[in-house]
Amino acid sequence: MKIAVCLKQVPSRDWQPRVNEARTWVRDAEATFEMNEPDAYALEEGLRLKERHGGEVVVCSAGPARVSQVVREALARGADRAIHVESDALAAADGAAVAGALADAMGGEAFDLVLTGLQSDDQGLAQVGVALAERLGMPHATIIMEVKVEDGALRVKRELEGGWFQWVAMPLPAVLTIQSGINQLRYATLKGIMAAKKKEIRKVEAAACASRQRIVNLYAPQKTKQTTMIGGSAAEAAAELVKRLRDEARAID
Amino acid sequence: MILVIAEQRDGQLNKASWEVVTAAQRLSARIGGAPVKVAVLGAAVTAAAGEMAGAAVAEVLAVEHPALEPYTADGFVGALEPLVASQAPDYVIVAHTYQARDFVPKLAARIDAALITDVVGLAEAEGRPAFTRLVFQGKLAADVLPEGKPPCLVTCQAGAFPADAAARGAAPAPVTTVAATLDPASIRQKPEAPFREARQAVDLSQAARIVAVGRGIREQDKLPMAEELAKLLGAELAASRPICDAGWLPPERQVGSSGQTVAPKLYLALGVSGAIQHAVGMKASKTIVAINKDAEAPIFEVADYGIVGDLFEVVPALIKELQKS
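Residues numbered from 1 in each chain as written. Chains lettered and ligands numbered in written order. Predicted model: local features only at pLDDT ≥ 70, side-chain atom pairs only at ≥ 80, totals over all residues. Heavy atoms only, no water.

## Here we look at the nonpolar core
Right, so step 1: Val38, Val40, Met52, Val60, Ile93 and Phe131 of chain B are the most contacted members of the largest nonpolar core, which totals 51 residues.
Right, so step 2: For Val38 of chain B, the residues in contact, after removing those within four places along its chain, are Val4, Ala6, Val21, Met52, Val57, Glu59, Val60 and Leu61 of chain B.
Right, so step 3: Ranked by size, the runner-up nonpolar core spans 40 residues in total, among them Ile252 of chain A together with Ala230, Phe312 and Ile319 of chain B. (Core = buried A, V, L, I, M, F, W, Y, C linked by side-chain atoms within 4.5 Å. Buried < 20%, exposed > 50% of the residue type's maximum accessible area, 1.4 Å probe, protein only. Contact = heavy atoms within 4.5 Å.)

## Quick word on helix H4 (residues 98–111) of chain B
Residues and elements named next belong to chain B.
Right, so step 1: For H4, with 14 residues, the first-to-last C-alpha span of 21 Å sits near the 20 Å given by 1.5 Å per residue.
Right, so step 2: Burial within H4 is extensive, with 12 of its 14 residues counted as buried.
Right, so step 3: Asp112 occupies a position one or two residues after H4 and carries a positive phi of about 55°. (Helix = DSSP H or I, 4+ residues; strand = E, 2+ residues; numbered from the N terminus. Expected span 1.5 Å × (residues − 1).)

## Describing a nonpolar patch on the surface
Right, so step 1: On the surface, a cluster of nonpolar side chains totalling about 310 Å² of accessible area is made up of Leu190, Ile193 and Met194 of chain A.
Right, so step 2: In this fold, Ile193 of chain A is placed in helix H5 (residues 190–196). (Patch = residues over 30% accessible without salt bridge, like charges linked within 9 Å, V, L, I, M, F, W, Y side chains within 5 Å. Areas by Shrake-Rupley, 256 points an atom, 1.4 Å probe, with all protein chains shown as cover. Salt bridge = Lys/Arg side-chain N within 4 Å of Asp/Glu carboxyl O.)

## Some details on the domain arrangement of chain B
Residue and element names in this part refer to chain B.
Right, so step 1: Taken as a whole, chain B is organised into domain 1 (2–186) and domain 2 (204–324).
Right, so step 2: Look at where the C-alpha atoms of domain 1 and domain 2 centre, and you get two points 34 Å apart.
Right, so step 3: Counting from both sides, the interface comprises 7 residues of domain 1 and, opposite them, 7 residues of domain 2.
Right, so step 4: Both faces combined, the contact of domain 1 with domain 2 buries some 630 Å², and carbon together with sulfur accounts for 57% of it.
Right, so step 5: Contact with domain 2 buries surface across domain 1, with Tyr98, Gln137 and Gln157 losing the most and accounting together for 56% of the total.
Right, so step 6: There are 0 salt bridges connecting domain 1 and domain 2.
Right, so step 7: Viewed at the interface, domain 2 and domain 1 are joined by 0 residue pairs in polar contact (both at pLDDT 80 or more).
Right, so step 8: Looking at side-chain class alone, the side of domain 1 that touches domain 2 contains 2 nonpolar, 3 polar and 2 charged residues. (Domains from an automatic or database assignment. Buried area = accessible area lost by both parts, 1.4 Å probe. Polar contact = N/O pair within 3.5 Å; in protein donor to acceptor, adjacent residues only side chain to side chain. Nonpolar A, V, L, I, M, F, W, Y, C, P; charged D, E, K, R; others polar.)

## So, the sheet that holds strand S15 (residues 236–239) of chain B
Right, so step 1: A sheet is described by the order of its strands in space; here 6 strands give the open sequence S13(A)-S18(B)-S17(B)-S16(B)-S14(B)-S15(B), paired in parallel fashion. If you trace the sheet from one side to the other, it starts and ends with strand S13 (228–229) of chain A together with S15 of chain B, each paired once.
Right, so step 2: Sheet topology places strand S16 (residues 266–270) of chain B next to strand S17 (residues 287–292) of chain B; 5 bridges connect them, and they run parallel. In the strand pairing of S17 of chain B, Tyr267 of chain B is matched with Ile288 of chain B. (Pairing = 2+ DSSP bridges.)

## Focus on helix H3 (residues 73–87) of chain B
Residues and elements named next belong to chain B.
Right, so step 1: In a regular helix each residue adds 1.5 Å, so 15 residues correspond to 21 Å; H3 covers 20 Å between its end C-alpha atoms and thus fits that length.
Right, so step 2: Taken as a whole, H3 has its buried residues at Ala73, Asp74, Gly75, Phe76, Val77, Gly78, Ala79, Leu80, Leu83 and Val84.
Right, so step 3: Positive backbone phi, at 50°, marks Ala88, one or two positions downstream of H3.

Here you go:
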């Protein structure tokens, strides 16, 4: 089975984003980056499917030159090769633009299965996987918690809200967006890291990338509540909090 | 015109459909009172459409086809593409449910429309409506303008627009039944009946107090500390998604959009960053306490009391304090 895994490089979770002067994006020159966490689960699922059914795993990523960091990491975890659609404009692009860039680069590959995370930890638009399916002419299913390949077709467990699930069958090729927690992630081994250095990363130039939306103002969210911050040593803060929860909030006896 | 797409299952309307009516009415007020219409899709939806007709809207469309039941992305997009073409709305507004996440991006790609997802508020920029959404795990808010030709598709976060603020009409709005144009053979997904996993008897929604742990707990070995605090407070132990994903606590103890929604008297969040997916499940709690080493964690946005500090120092101190009495 020829499996594509689309993954995004996003600012690290512990980086506190700072807004640029135009208030249209973050100062990402100051950021540290990591693999988008839901995409890491999609990669793991792709690797497991390859182990079960054979074939290859091709990592596809759209973004500036810096995304080669997460592409290499994916190759070190076991992906066979990569496609990197390179453009600085893709760093802050919307789902339509990213899906378009990926679809152009992936179209000729005839993938059997395309996996990606359900959304990104930066903009969180939750659009690329589904829009990509439409662009590639493939059926899709979203927020997937289990993937079975039976007789050349798919049967997947879709997460619904409030603890409900649903099995959905569909033909291959198809696109799935993967929910975090579907599997347990593996880490790259030293052997994997060495092997990754020899693996192919095909660079593709992005065609004009047309986002269908534009951030006009980026700011710290307004607080919905007046928060009482409690300072002091741990013991002092604990005593003050317990006192306030008893006397002020009446939340404990 | 603003077109709302309501959501129903087995004839039961999703409450979020009313929230979206509120959003559409507020947007309408900003663009000179553009008419709002509501579409309800399914095999037989006259009852649900009749319910939506209670809203102060211009018209309710009951868009019917046997192949729209059960829900599939192919079926919905197949029916909505011609509907949107004939109705020619300026905006299409949908609740940001798991169902919307499954079909709206496909519709946007099909008709080459702008799609702004998970919107929490309305703003204005360059003389036209902008849509506010949270980005970078809730650490920043962004006002976003759509680009290109209409319609602009918008999905609204659960709870962002109150359902009870939806204006009701003096008389029911007219309901028009529309036979959807849809080729059943074009539907590639074959869904089975929804089901729930066997669960243990933990109903967090009934808990008076909850102690929730997040990534900040770092190791499974640290959980007993949180458990001890929960016991002293008479609280249930809960967690954010990453903790359950790691298998440290069972999924039934997960709070958030993919877990349970809770509103206890006291919600004490230990090392929980407060990403949107978690916050939507707990922000209605009466008193929220956040203990986190990161002073800029979004959890402090919704907290009544906050302690910026090392939870491995603060929690033992809390335990000691509670043991005193």
